[in-house]
Amino acid sequence: MSKIFKVQFSIMKPVSSVFLLFLFSIFYCKSENIEKENTDNNPYEFHIGGVLSSNASEDYFKLTIEHLNFNTPFMKPGNTFYAHSIKMDPNPIKTALNVCKQLIVRRVYAVIVSHPQIGDLSPAAVSYTSGFYHIPVIGISSRDSAFSDKNIHVSFLRTVPPYSHQAEVWVELLKYFNYLKVIFIHSSDTDGRAFVGRFQTTSQNQGDDIEKKVQVEAVIEFEPGLSFFDNQLNEMKNAQARVYLMYASKIDAAVVFRDAAKRNMTEAGYVWIVTEQALDASNVPEGTIGLKLVNASNELAHIYDSIYILASAITDMNRTKTITPPPADCDNSGAIWDTGKTLFEYIKKQVYKDGHTGKVAFDNNGDRIYAEYDIVNVKEVANKDAIGKYYFNNDLNKMKLRLNESNIIWPGRLKKKPEGFMIPTHLKVLTIEEKPFVYVRPLKKDDGNSCNSDEIMCPLYNTSSKVLDPIVYCCKGYCIDLLVELSETINFTYSLSLSPDGQFGNYEIRNNSASGKKEWNGLIGEIVYERADMILAPLTINPERAEFIEFSKPFKYQGITILEKKPSRSSTLVSFLQPFSHTLWVLVMGSVHVVALVLYLLDRFSPFARFKLINADGTEEDALNLSSATWFAWGVLLNSGIGEGTPRSFSARVLGMVWAGFAMIIVASYTANLAAFLVLERPKTKLSGINDARLRSTMENLTCATVKGSAVDMYFRRQVELSNMYRTMEANNYETAEDAIRDVKNDKLMAFIWDSSRLEFEAAQDCQLVTAGELFGRSGYGVGLQKGSPWSESVTLSILDFHESGFMESLDDKWIFQGRVEQCEDQEKTPNTLGLKNMAGVFILVAVGIVVGMVLIVIEIGYKKHHVRKQNRLQLARNYGQTWRAIVQKRKMMRMQGRTSGVGALSLSVEALPRSVLNIQSPIRSIETLPRTCRNSPSPTRAWSGRQMVHRKSDDIPLRSPIGGPPQLHFHNNLM
């Protein structure tokens, strides 16, 4: 079904498009007709009111509107404008009543208001009265900031800018003169506060160049109606900035200039930039720079621009909106004119490029923008020359500053631009303990309250004076030598102090901050809040810090690396087995016994070695047995002497030669590998670098850390690809680098990530430590200064000179490497000496062999004793057997003799046997230890060869009675 629908839709698509276009044209035409019907009902006559300051202004107002009716571009055909004006009364109440009685009753669509000849509240009265009914009011002279508040003056616009808009021109002037640190002086009224607020906002939003942002060193606020300004001037004189921006009335400015002149603060070296009101003071100092609004007093030009802006807005609204008549009187307080609100929005959108006062446009508050100013320089009290202009550039479509700097006369009648700040010659320098850059030790009483010649006294910064016996420290190191050289090169004195909290600085939310605002702590915080002048420490340059403080060029280029402890050599009791793998050892052991078995079989079944051989000396030698073959195989493998039991057959000897070659290769390989493992082996690092997978895997049991709030910590926060690693290591981070390095040495921490300079120093000091992988996050250490510090350029140039002259390299050799790198390299090149730890297993093997030998000898002795006892019993049985044999032989002989001699047969009975023979209880089970010749010999005295022989059952000796009856005694050869 869906396929059918798709096909149908694709077919109908062109048709539907045409149909939709047709419907749209009908709808558009209908809406045009409806809108035309609505606008056709709009009025054709528009009344404009005016509250002006003079009769000339009223006449010009009426004349301009008459000419407007014939100006086709600004008029809709058939429409007519009418002028109604009144003269402004000094009494604001009368002015308000006149507006109701003479203007609102005529249904005016807008009111143009000028300034009064006497007083300042009349424009406000007109704004309140007209604004109540949402009748737009266009001011042509009122510049108070209060009129920008749309909660009070809901429908007020003006063709002149408020006084606070001069702040934008000030910012451009300061950037042009490169004055980046100023002191702001203003009255505490609405205009003064609006002025300083707009200045700070504008100075921070002007472009992306952080280094060009203007910094306000101090804000001096005073109550209007000054009588003296001494205390504030004393505070200003102690500051570094010598550029003073002042917003004040004419009377207050005269007081400030008077007291400043007493302290020579209007002379050479100072810069005064003031507003229009202050520029009119009678005692304005020579060299002061001020502003003058172009056409500020040209009321007629502002009347002209206001009328044409208003006419353009009504014409635009008349084309698209339904216009209702304005209120006809002030009696109906509940009537709200919605068309007045709409007209107010249309007026704000108007842009009149060819106005008599320049380009006319409004911001969201209805204030004039694109106003032009003349830059004025006071050369004499009565002589104020224009030295430039702030104007709208049509080509660039923005405001532009143009100055003729050569015509400027500065305070003290100087032609050269002042520096704008006082260069302090005594600086508060902060540092922090960080080896090898700064070594810190407490000053002992034995030292006579003075540090050594290569040290500088460095107490803790901000140490309370209430402390009875504050600890004083002595500092030395890389940065201290650099500070001494800098002070001698660019000529300044200093007081050195240690960081108050032992931290470089972290941008974080303070616990006591109710607003949750982030603040800097540590060294950075002291510079940001201007409690110190310089930081000379291993301070890493990074974007987060550079936004708030100023850095010199790097005095030390470095990066980030990883410190770990060298993996110790695995010297165990079986270290001598390391040259071969476990599998190879098993194969070698198995090969010994397999070869021994094959040797035995070859020699056993070979036709040339199966039977015993007769040596030349007549001794007997049997064929090779299994025990001798095993001994032979082990002897060849271990290269020990073989006294006996060698193969005799040719086949077995060939195998023996092959086995000897195998043993030679195995022993040589083992010897070479053993030397490599125990002597020439060099431990490698556990990690390959920051990209090691074990660092980024949370499953690995590998702990790594850095220092909290440090530049390295900030680096890991910025790197998205290291986020998993950072989350893992964040819980392990340390307060100081000293604690982390100590734990690395004690095997409590596997990897410490920190600045390469410090870690290379630690690796040079302790050859058991090593840096892993290549550097990453490359940066540099710089001297930290306040924003706009006068010392920035001098410090940077000096550091560049130090690099070129080799001074920085000499500091590296003196403090970082200290000649210890060569020592570690020499140790790596020298073979390690073998100790008991390496060869303990061999000695234990010998000890085990001794113990096994002693156990075997005990077993052999016991076995031998048992065997001797057994042989003794066998020997006794043999002796008795031989005695019986002799008796039996004797009886046979006597019997034979009796038969031949006729003597009666002897009777042999048990009773006739000796008693010793009858006491034999145990049967003789075997006489196999007797030689066969002895058993077959009739003589009992024949010698016994001692060899074990096999007997036969036919050798049994029966003893019977003389008369053939049952046997009285029967000996068997299997009896004991």
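Analysis parameters
For every chain, the first residue of the written sequence is number 1, and numbering continues from 1 along that sequence. Local features in this predicted model are restricted to residues of pLDDT 70 or higher, and side-chain atom pairs are both shown and tallied only at a pLDDT of 80 or more, whereas totals for entire chains, interfaces and linings draw on every residue. Heavy atoms from the whole structure form the basis of all side-chain values; hydrogens and water molecules are not counted. Here a strand is any run of E in DSSP of at least two residues, a helix any run of H or I of at least four, and the numbering for each starts at the N terminus. Think of it in three bands: residues with accessible area under 20% of the maximum for their type are buried, residues over 50% are exposed, and the middle band is partly exposed, with areas taken using a 1.4 Å probe on protein chains only. Each accessible area is a Shrake-Rupley result for a 1.4 Å probe, and residues are judged covered by the shown protein chains and nothing else. One less than the number of residues in a helix, times 1.5 Å, gives the span that helix is expected to have. Helix axes are fitted to C-alpha atoms over the stretch in contact, other axes to C-alpha atoms as well, and angles between N-to-C directions run from 0 to 180 degrees. For classification purposes, an angle smaller than 35 degrees is called roughly parallel, one larger than 145 roughly antiparallel, one from 65 to 115 roughly perpendicular, and anything else oblique. Only heavy atoms matter for contacts: two residues are in contact if any of them lie within 4.5 Å across the pair. Amino acids outside the nonpolar list (Ala, Val, Leu, Ile, Met, Phe, Trp, Tyr, Cys, Pro) and the charged list (Asp, Glu, Lys, Arg) are all regarded as polar, and Gly is one of them. UniProt positions are given in the numbering used here, feature names are shortened, and annotations may be inferred rather than shown by experiment. The term polar contact refers here to a pair of N or O atoms within 3.5 Å; inside protein, the definition further demands a hydrogen-donor-capable atom paired with an acceptor-capable atom, and it admits residues adjacent in sequence only when both atoms are side-chain atoms. Buried residues of nine kinds, namely Ala, Val, Leu, Ile, Met, Phe, Trp, Tyr and Cys, make up a nonpolar core once their side-chain atoms join them within 4.5 Å. Confidence per residue, as judged by the predictor, is encoded in pLDDT with a range of 0 to 100. Two aromatic rings, drawn from Phe, Tyr or Trp (for Trp, its six-membered ring), form a pair once their centres lie within 6.5 Å of each other, and the interplanar angle then sorts them: stacked below 30 degrees, edge-to-face above 60, tilted otherwise. Geometrically, a charge over a ring is one whose NZ (Lys) or CZ (Arg) sits within 6 Å of the ring centre while staying within 35 degrees of the ring normal. Note: two strands are recorded as paired if DSSP finds a minimum of 2 bridges between them. Each patch is assembled from residues with relative accessible area greater than 30% and no salt bridge, linking like charges that lie within 9 Å and nonpolar side chains (Val, Leu, Ile, Met, Phe, Trp, Tyr) that lie within 5 Å. Salt bridge, as used here: a side-chain nitrogen of Lys or Arg that lies within 4 Å of a carboxyl oxygen of Asp or Glu. Charged-residue counts in this description rest on Lys and Arg as positive and Asp and Glu as negative, His and the chain ends being excluded. Throughout, the arc means the angular range of directions from the helix axis out to the C-beta atoms.

Considerations on the overall build of the chain
A count of helical and extended segments in the chain gives 28 helices and 34 strands. Burial analysis of the chain (976 residues in total) assigns 44% to the buried set. Accessible area of the chain: about 52300 Å², with a carbon and sulfur share of 55%.

Side note on helix α10 (residues 299-320)
Helix length check: α10, at 22 residues, gives a terminal C-alpha distance of 32 Å against a target of 32 Å (1.5 Å per residue), a fit within 8%. Buried residues dominate α10, accounting for 18 of its 22 residues.

Topic: the packing of helix α19 (residues 711-718) against helix α20 (residues 723-730)
Contact geometry for α19 and α20: axes closest at 8 Å, N-to-C directions at 135 degrees. When the axis of α19 is compared with that of α20, the two are oblique. Together, D713, F716 and R717 of α19 and M725, Y726 and M729 of α20 make up the contact between the two elements. Its residues assigned to classes, the contact of α19 with α20 shows four nonpolar, no polar and two charged.

Observations concerning the UniProt feature "site: Interaction with the cone snail toxin Con-ikot-ikot" (unreviewed entry) in the chain
Per the UniProt record, the feature "site: Interaction with the cone snail toxin Con-ikot-ikot" (unreviewed entry) sits at R717. According to the relative accessible area criterion, R717 is partly exposed, its value standing at 43%. What R717 contacts, discounting residues up to four positions off in sequence, is N506, G709 and Y726. Only 2.6 Å separates the side chain of R717 from the side chain of D713, close enough to count as a polar contact.

Some words on the nonpolar core
Membership of the largest hydrophobic core comes to 51 residues, with the highest contact counts inside it found for V51, F81 and I347. If one sorts the elements of this core by residue count, α10 sits on top with ten residues. Here V51 is in contact with I86, M88, T95, V99, L103, V111, I112, V113, S114 and V126, once residues within four sequence places are set aside. I524, A532, I535 and I690 belong to the second largest nonpolar core, which has 47 residues in total.

Some remarks on the confidence of the model for the chain
Summing up the model confidence of the chain, the mean pLDDT is 79 and the portion of residues at 70 or higher is 77%. Ignoring residues within four places in sequence, the model shows residues 463-469, a span with pLDDT below 50, making one contact including any to other chains. Considering only residues more than four positions removed or in separate chains, one finds that residues 915-976, a stretch of pLDDT under 50, has 105 contacts.

Notes on unusual backbone geometry
Here K435 and P436 are connected by a cis peptide whose omega angle stands at -5 degrees. Relative to the elements of secondary structure, P436 occurs in the loop between β17 (426-431) and β18 (439-442). Phi at H134 is positive, roughly 60 degrees, even though this residue is not glycine. Topologically, H134 is positioned in the loop between α4 (122-132) and β4 (137-139). Overall, H134 belongs to the buried group, its relative accessible area being 18%. Here the phi dihedral of N295 falls at roughly 60 degrees; this positive angle occurs in a residue that is not glycine. Among the structural elements, N295 can be located in the loop between β10 (289-293) and α10.

Regarding the packing of aromatic side chains
Here the structure, examined in full by the defined rule, presents 40 aromatic pairs. Between F184 and F195, the ring centres sit 6.1 Å apart and the planes meet at 55 degrees, which makes this aromatic pair tilted. With F184 in strand β6 (residues 181-187) and F195 in helix α6 (residues 190-205), this pair connects stretches of sequence that are eleven residues apart. For the pair shown, F184 and F195 are each scored as buried. Feature note: the residues W170, F184, F195, F199 and Y247 constitute an aromatic cluster, connected by ring pairs. Sitting over the ring of Y346, K349 keeps its end group 5.5 Å from the ring centre. Directly above the aromatic system of Y370 lies the positively charged group of K359, at a separation of 4.3 Å from the ring centroid.

So, the sheet that holds strand β11 (residues 352-355)
Pairing within the open sheet is antiparallel, and its three strands lie in the order β11-β12-β13. Both outer strands of the open sheet, β11 and β13 (368-369), are each paired with one neighbouring strand and no more. Relative to strand β12 (residues 358-362), β11 runs antiparallel, the two being bridged by two bridges. Each residue of the ladder has a partner; that of Y352, found in β12, is V360. Packing against the sheet, α10 makes contact with β11, β12 and β13, and its axis sits at approximately 145 degrees to β11.

As for the environment of F776
Structurally, the position occupied by F776 is in strand β31 (residues 769-781). Classification of F776 by relative accessible area gives buried; the value is 10%. Residues F776 and I562 lie 214 residues apart in sequence; the distance between their C-alpha atoms is 9.8 Å. When residues no more than four places from it in sequence are discounted, the contact partners of F776 are G559, I560, T561, I690, Y715, F716 and I753.

With respect to a nonpolar patch on the surface
A surface patch of nonpolar side chains, amounting to about 580 Å² of accessible area, comprises I844, V848, V851, V852, V855, L856 and I859. Take V852: its relative accessible area is 42%, and that puts it in the partly exposed class.

Focus: the side chain of D755
Locating D755 in the fold gives a position in strand β30 (residues 751-755). Despite its burial, D755 pairs with no opposite charge; the closest candidate is R545, at 7.3 Å N-O. For D755, the side chain forms a polar contact with the side chain of Y781, separated by 2.6 Å.

Observations concerning α6
A rise of 1.5 Å per residue sets the reference length of α6, with its 16 residues, at 22 Å; its end C-alpha atoms lie 23 Å apart and thus fit the reference within 8%. Within α6 the residues assigned to the buried category are D191, G192, F195, V196, F199, T202 and S203. Projected down its long axis, α6 carries its buried residues within an arc of 135 degrees, all on one side. Facing away from the buried side of α6 by more than 90 degrees, the exposed set consists of T190 and N205.

Thoughts on the side chain of S148
Relative to the assigned elements, S148 resides in the loop between β4 and β5 (156-158). Here R158 takes part through its side chain, which lies 2.9 Å from a polar atom of the side chain of S148. With near-sequence residues (within four places) excluded, S148 lies in contact with R158, P162, N365 and D367.

Notes on the sheet that holds strand β24 (residues 534-535)
A sheet is described by the order of its strands in space; here five strands give the open sequence β21-β17-β24-β32-β25, paired in mixed fashion. Each edge of the open sheet is held by one strand with a lone partner, namely β21 (493-498) and β25 (550-551). The sheet contact formed by β17 and β21 spans six bridges and is parallel. Across the sheet, T431 pairs through a bridge with L498, a residue of β21. Together, β17 and β21 form the strand contacts of helix α12 (residues 478-490), whose direction differs from that of β21 by roughly 160 degrees.

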